[in-house]
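Commentary on secondary and tertiary structure
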Amino acid sequence: MNQVFSILDTLKISALFISILALTTSLIYFIREKSQLLAGLKAIGMDSYQMFQLIYSQTLFLVTFGITSGIFSSFFLSPIVIFGINRNAFGWILNFQYPTNLVAKLPILIPVITFFICLIPFYFLKKMNISKELKYE
């Protein structure tokens, strides 16, 4: 039983890594897709701090929405799996434990996670060449 749960912990860590990687690549894609708009904003006076705020606020919304929806879905679906499916399929019930310590730490962790996710896309935005991006095809 401990081996099964250790595999599940490994799957949780890999899912977290994949979601952070997916969010980072989607932000880089956003910067590449909206490069003309961002270069125009940069040309009319948007400084680096404002550009970082733009990326940070979008990422903060996505991370907060994703984590909040995950918390609510796990809060409602976990009892169904533990008390319904496990009881009917296997004949045993696991102890229902909700990670309240982790959920209580999320208001501090979400902005920190968001900051680290924004660093690589901000680097690409900072290195953007205004004259190259504002040329029309």
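Quantities reported herein were computed from a predicted structural model and do not represent experimental measurements. (Residues numbered from 1 in each chain as written. Predicted model: local features only at pLDDT ≥ 70, side-chain atom pairs only at ≥ 80, totals over all residues. Heavy atoms only, no water.)

What follows concerns the overall build of the protein chain. For the protein chain, the count of helices and strands is five helices and zero strands. Walking the protein chain from its N terminus toward its C terminus, one meets helices and strands in the order α-α-α-α-α. Relative to the 2.2 N^0.38 estimate, which gives 14 Å for 137 residues, the radius of gyration of the protein chain is 21 Å and therefore markedly larger than a compact globule would have. Looking at the protein chain as a whole, 20% of its 137 residues are labelled buried. When contacts within the protein chain are restricted to residue pairs at least 6 apart in sequence, long-range pairs at least 24 apart make up 83% of them. Total accessible area on the protein chain is roughly 10100 Å²; 70% of this is exposed by carbon and sulfur atoms. (Helix = DSSP H or I, 4+ residues; strand = E, 2+ residues; numbered from the N terminus. Rg over C-alpha atoms; globule rule 2.2 N^0.38 Å. Buried < 20%, exposed > 50% of the residue type's maximum accessible area, 1.4 Å probe, protein only. Contact = heavy atoms within 4.5 Å. Areas by Shrake-Rupley, 256 points an atom, 1.4 Å probe, with all protein chains shown as cover.)

Further remarks concern the layout of surface pockets. In this structure, the largest pocket encloses a volume near 1400 Å³. Residue lining of the largest pocket: 30 residues in total, with Lys12, Gly70, Ser74, Pro99 and Leu102 positioned closest to the centre. Only helix 1 (2-33), helix 3 (48-89) and helix 4 (100-126) provide two or more residues apiece to the lining of the largest pocket. When grouped by side-chain class, the residues that make up the lining of the largest pocket number 21 nonpolar, seven polar and two charged. (1 Å grid on protein atoms, 1.4 Å probe; cavity = no way out; pocket = protein on both sides within 12 Å on 5 of 7 lines; lining within 4 Å. Points joined across faces, edges and corners; volume = space filled by probe spheres on them. Nonpolar A, V, L, I, M, F, W, Y, C, P; charged D, E, K, R; others polar.)

Another aspect to go through is the packing of helix 3 against helix 4. Where helix 3 contacts helix 4, the axes come no closer than 8 Å and their chain directions differ by 140°. One finds that helix 3 runs oblique with respect to helix 4. Crossing angle aside, the handedness with which helix 3 passes helix 4 is right-handed. On the side of helix 3, the interface is formed by Ser48, Met51, Phe52, Ile55, Tyr56, Thr59, Leu60, Val63, Thr64, Ile67 and Ile71, while helix 4 contributes Val103, Leu106, Ile110, Pro111, Thr114, Phe115, Ile117, Cys118, Pro121, Phe122, Leu125 and Lys126. (Axes fitted to C-alpha atoms, helices over the stretch in contact; angles between N-to-C directions. Parallel < 35°, antiparallel > 145°, perpendicular 65-115°, else oblique. Left-handed = near helix turned anticlockwise from the far one by under 90°.)

This paragraph deals with the side chain of Thr114. Note that Thr114 resides in helix 4. Not counting residues within four places of it along the chain, the set of residues in contact with Thr114 comprises Tyr56, Thr59, Leu60 and Val63.

As a further point, take the packing of aromatic side chains. Within the structure shown, the criterion is met by seven aromatic pairs. When the centroid spacing of 5.2 Å and the interplanar angle of 85° are considered together, the rings of Phe52 and Phe122 count as edge-to-face. Here Phe52 is found in helix 3, whereas its partner Phe122 is found in helix 4, with 70 residues between them in sequence. One exposure class covers both Phe52 and Phe122, and it is buried. Seen in terms of ring centroids, Phe115 and Phe116 are 5.6 Å apart; in terms of plane orientation they differ by 75°. Their pairing is edge-to-face. (Phe/Tyr/Trp six-rings, centres within 6.5 Å; stacked < 30°, edge-to-face > 60°.)

Of all the bends in helix 3, the largest measures some 30° and sits at Val81. Just downstream of helix 3 lies Gly91, where phi reads positive at about 85°. (Bend = angle between axes of the 7 residues up to and from the residue.)

Next up on the list: the side chain of Ser35. If you trace the backbone, Ser35 turns up in helix 2 (residues 35-43). Not counting residues up to four positions away in its chain, the partners in contact with Ser35 are Met128 and Glu133.

Across soluble globular proteins, nonpolar side chains have a tendency to be buried as a group. Ile31, Ile55, Leu125 and Met128 are the most contacted members of the largest nonpolar core, which has 17 residues in total. Those elements giving two or more residues to this core turn out to be helix 1, helix 2, helix 3 and helix 4. No other element matches helix 4, which puts six residues into this core. If sequence neighbours within four positions are ignored, Met128 has contacts with Ile31, Ser35, Leu38, Ala39, Lys42 and Glu133. (Core = buried A, V, L, I, M, F, W, Y, C linked by side-chain atoms within 4.5 Å.)

These values are about where atoms sit, not about what they do.
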